[in-house]
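Here is what each chain is made of, one letter per residue.
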Amino acid sequence: MDIELTRRRALLGLTVGATGAGLAGAAAPSAAGTAADANPAGSCVLFPQAVEGPFYFDPKLVRSDIAEGRPGAPLQITLRVIESGVCTPLANVRVDIWHADASGLYSGYAGQGAARDVSTKSENFLRGTQMTDANGVAAFRSVYPGWYPGRTPHIHVKVFLDGKTLVTGQMYFPDALSAQVYKERAPYNERPIPDTTNARDFIFTSGERDGGGIVLSAGTEGEAIAAALLISVDRSGTAARKAAGWGGWFRRLVGW
């Protein structure tokens, strides 16, 4: 038996059961949402820091619906922020997410696309901020992210408390789900085969220090896609500060 896996499952059960209401209250009213929220990925172990990448900025948009009409499969994202060790929910912390659209483009930047000739400057799609509720929950409505060369599908996340960054991370999807979405749904089926899977993505596989391998609990029911995750943080911000110096060097090195 995998002792570490068993320990993580036990911690997850303790976290969801002992800290009050679950995630279902913030989820989309669908079977997919209920299933994902009832079994969110994650545990009380610190959520790994990951490189911020070149595409973060703060559009100062407090909103749960970040899609702005971008085409793609509707996606409900439910995140629960907890304090590592004690596993208690953190209320009134700021959660920012951002990700690429179905074509692999981020808002707010020039030089994108396969030919690096697409500009989305002055646009803010697929970016937003939410504050966690009393149960540590922040929920967003978006579209399923597309892929771009060299990266597996992912969503970026930052968590702040009183101006301190608690975590900068990346969240991933099951490869099988991405394959299904890209094959069956428009406009993803115009680019149905991503060039990188989770197992081949250098950030996904590079270990906890730089954010490897946190896969969302996700499911579908008809057109609905829902994903959920527990994000365990050090509320002092120490873990994020330690990672920041190394992360800046890494970003300069790889251009991400």
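Conventions used here
Residues numbered from 1 in each chain as written. Predicted model: local features only at pLDDT ≥ 70, side-chain atom pairs only at ≥ 80, totals over all residues. Heavy atoms only, no water. Helix = DSSP H or I, 4+ residues; strand = E, 2+ residues; numbered from the N terminus. Polar contact = N/O pair within 3.5 Å; in protein donor to acceptor, adjacent residues only side chain to side chain. Contact = heavy atoms within 4.5 Å. pLDDT = per-residue confidence, 0-100. Buried < 20%, exposed > 50% of the residue type's maximum accessible area, 1.4 Å probe, protein only. Disulfide = S-S within 2.5 Å. Pairing = 2+ DSSP bridges. Axes fitted to C-alpha atoms, helices over the stretch in contact; angles between N-to-C directions.

Asks: What is the right way to read the side chain of Arg127 from this model?
Replies: The residue Arg127 is located in strand β3 (residues 127-131) in this model. Looking at Arg127, its side chain comes within polar contact range of the main-chain oxygen of Ser107, at 2.7 Å. Contact partners of Arg127, with chain neighbours within four places excluded, come to Phe55, Tyr56, Phe57, Pro59, Arg63, Ile66, Ile97, Trp98, Tyr106, Ser107 and Tyr109.

Asks: Mind showing me how you'd approach the confidence of the model for the protein chain here?
Replies: For the protein chain, per-residue confidence averages 83 on the pLDDT scale, and residues scoring 70 or more make up 79% of the total. Here residues 1-29 is a poorly scored stretch, pLDDT under 50, and it has 46 contacts once near neighbours within four places are set aside; other chains count. Low pLDDT (under 50) marks residues 248-256, which in the prediction has 15 contacts with non-local residues, meaning those over four places away or in another chain.

Asks: I would appreciate a short explanation of unusual backbone geometry in the present structure.
Replies: Phi is mostly negative for residues that are not glycine, and the peptide bonds are mostly trans. Residue Pro187 follows Ala186 across a cis peptide bond; omega there is -5°. With respect to the element layout, Pro187 can be found in the loop between α3 (175-184) and β7 (217-221). Of note in the backbone geometry, Lys60 takes a positive phi value of approximately 55° without being a glycine. Within the element layout of this structure, Lys60 appears in the loop between α2 (31-38) and β1 (74-83). Judged by relative accessible area, which is 68%, Lys60 ranks as exposed. A positive phi angle, near 65°, is found at Cys87, a position not held by glycine.

Asks: Could you clarify how one ought to interpret the state of the cysteines in this entry?
Replies: Every disulfide links exactly two cysteines, by a covalent bond between their sulfur atoms. Scanning all chains against the criterion turns up 1 disulfide. One disulfide in the model links Cys44 with Cys87; its S-S distance is 1.8 Å. One end of the pair, Cys44, is in the loop between α2 and β1; the other, Cys87, is in the loop between β1 and β2 (94-98), and 43 residues separate them in sequence. In terms of burial, Cys44 and Cys87 fall into one category: buried.

Asks: For this particular structure, what's the right way to read the sheet that holds β2?
Replies: Strands in a sheet are paired, the pairing made by backbone hydrogen bonds, and the direction either parallel or antiparallel. Read across the sheet, 4 strands follow the order β3-β2-β5-β6 without closing on themselves; strand pairing throughout is antiparallel. Edge strands, defined here as strands with exactly one partner in the open sheet, are β3 and β6 (164-172). In this sheet, neighbouring strand axes are inclined to one another by 20° on average, regardless of whether the strands run parallel or antiparallel. As judged from the 5 bridges shared by β2 and strand β5 (residues 154-161), these two strands associate in the antiparallel manner. Residue pairing in the sheet places Asp96 in a bridge with Lys158 of β5.

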